[in-house]
Amino acid sequence: QVQLVESGGGLVQPGGSLGLSCTASGSIFSIYAMGWYRQAPGKQRELVATITSGGITNYADSVTGRFTISRDNAKNTVYLQMNGLKPEDTAVYFCNAHGLGTDRRGFGSWGQGTQVTVSS
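Residues numbered from 1 in each chain as written. Predicted model: local features only at pLDDT ≥ 70, side-chain atom pairs only at ≥ 80, totals over all residues. Heavy atoms only, no water.

A. Structural detail: the packing of aromatic side chains. Applying the stated rule across the entire model yields one aromatic pair. The ring centre of phenylalanine 94 lies 3.7 Å from the NZ or CZ of arginine 45, which sits over that ring. The ring of phenylalanine 29 carries arginine 104 above its face, with NZ or CZ at 3.6 Å from the centroid. (Phe/Tyr/Trp six-rings, centres within 6.5 Å; stacked < 30°, edge-to-face > 60°. Lys NZ or Arg CZ within 6 Å of the ring centre and 35° of its normal.)

B. Structural view of the sheet that holds strand β1 (residues 2–7). Strand order in the open sheet made by the four strands is β1-β3-β8-β7, with antiparallel pairing throughout. Every other strand in the sheet has two partners, leaving β1 and β7 (67–72) as the edge strands with one partner each. On average, each strand axis in the sheet is inclined to that of its neighbour by 15°, with strand direction left out of account. Of the strand pairs in this sheet, strand β3 (residues 18–26) and strand β8 (residues 77–82) are connected by six bridges, and their pairing is antiparallel. From the neighbouring strand, leucine 18 faces β8, where its bridge partner is methionine 82. (Pairing = 2+ DSSP bridges. Helix = DSSP H or I, 4+ residues; strand = E, 2+ residues; numbered from the N terminus. Axes fitted to C-alpha atoms, helices over the stretch in contact; angles between N-to-C directions.)

C. Summary view of the environment of glutamine 81. Of note, glutamine 81 is situated in strand β8. Residue glutamine 81 is classed as partly exposed on the basis of its relative accessible area of 35%. The sequence separation of glutamine 81 and threonine 68 amounts to 13 residues, and the corresponding C-alpha distance is 5.1 Å. Setting aside residues up to four positions removed in sequence, glutamine 81 forms contacts with Ser17, Leu18, Gly19, Arg66, Phe67 and Thr68. At 3.0 Å, the side chain of glutamine 81 and the side chain of asparagine 83 are in polar contact. (Buried < 20%, exposed > 50% of the residue type's maximum accessible area, 1.4 Å probe, protein only. Contact = heavy atoms within 4.5 Å. Polar contact = N/O pair within 3.5 Å; in protein donor to acceptor, adjacent residues only side chain to side chain.)

D. Quick peek at the pattern of salt bridges. One pass over the full model with this rule turns up three salt bridges. The partner of glutamate 46 in a salt bridge is arginine 38, and the shortest N-O contact between them spans 2.7 Å. The partner of arginine 66 in a salt bridge is aspartate 89, and the shortest N-O contact between them spans 2.7 Å. Of this pair, arginine 66 sits in the loop between β6 (57–59) and β7 while aspartate 89 is found in the loop between β8 and β9 (91–101), placing the two residues 23 residues apart along the sequence. (Salt bridge = Lys/Arg side-chain N within 4 Å of Asp/Glu carboxyl O.)

E. Spotlight on the nonpolar core. In terms of nonpolar packing, the biggest core is built from 30 residues, with Trp36, Val48, Phe67, Val78, Leu80, Met82 and Tyr93 touching the most fellow members. Beyond its immediate sequence surroundings of up to four residues, methionine 82 is in contact with Gly16, Ser17, Leu18, Leu20, Arg66, Phe67, Tyr93 and Val116. (Core = buried A, V, L, I, M, F, W, Y, C linked by side-chain atoms within 4.5 Å.)

F. Quick look at the environment of valine 118. For valine 118, the location among the structural elements is in strand β11 (residues 114–118). The exposure class of valine 118 is buried, given its relative accessible area of 4%. Taking the C-alpha atoms as reference points, valine 118 and leucine 11, separated by 107 residues in sequence, lie 5.9 Å from one another. Among residues more than four places away in sequence, those in contact with valine 118 are Val12, Gln13, Pro14, Leu85, Lys86, Pro87, Asp89 and Thr90.

G. Representation of the environment of isoleucine 31 within the structure. Following the sequence through the fold, isoleucine 31 ends up in strand β4 (residues 28–39). Residue classification places isoleucine 31 among the buried positions, given a relative accessible area of 6%. Through-space distance from the C-alpha of isoleucine 31 to that of serine 109 is 11 Å; in sequence the pair is 78 residues apart.

Put into structure tokens, the structure is as follows:
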């Protein structure tokens, strides 16, 4: 079983910055990719950014140039640096990881979510 714990959400003014982090723990053999998704009230969960173990990144068009995803493989931790935040970035942000467990079976796990609110 693999658990993800997020931290770093909060309230920030438009144009401000915020950083999120997420650490995976448990029966992990390897993690292929980690990423961030978000869900605003009344909307579906959407991709924000992902990063592979090799450092290949993918961003949603809406955050490209403002958000940066990074990863520390040794710590099984993924980060999301969010700059130039807009009110439309307000959402619950979820961490995701998928890979191989110590039992050599694939896993896909979600964190509990952390609230990001952008408001003046």
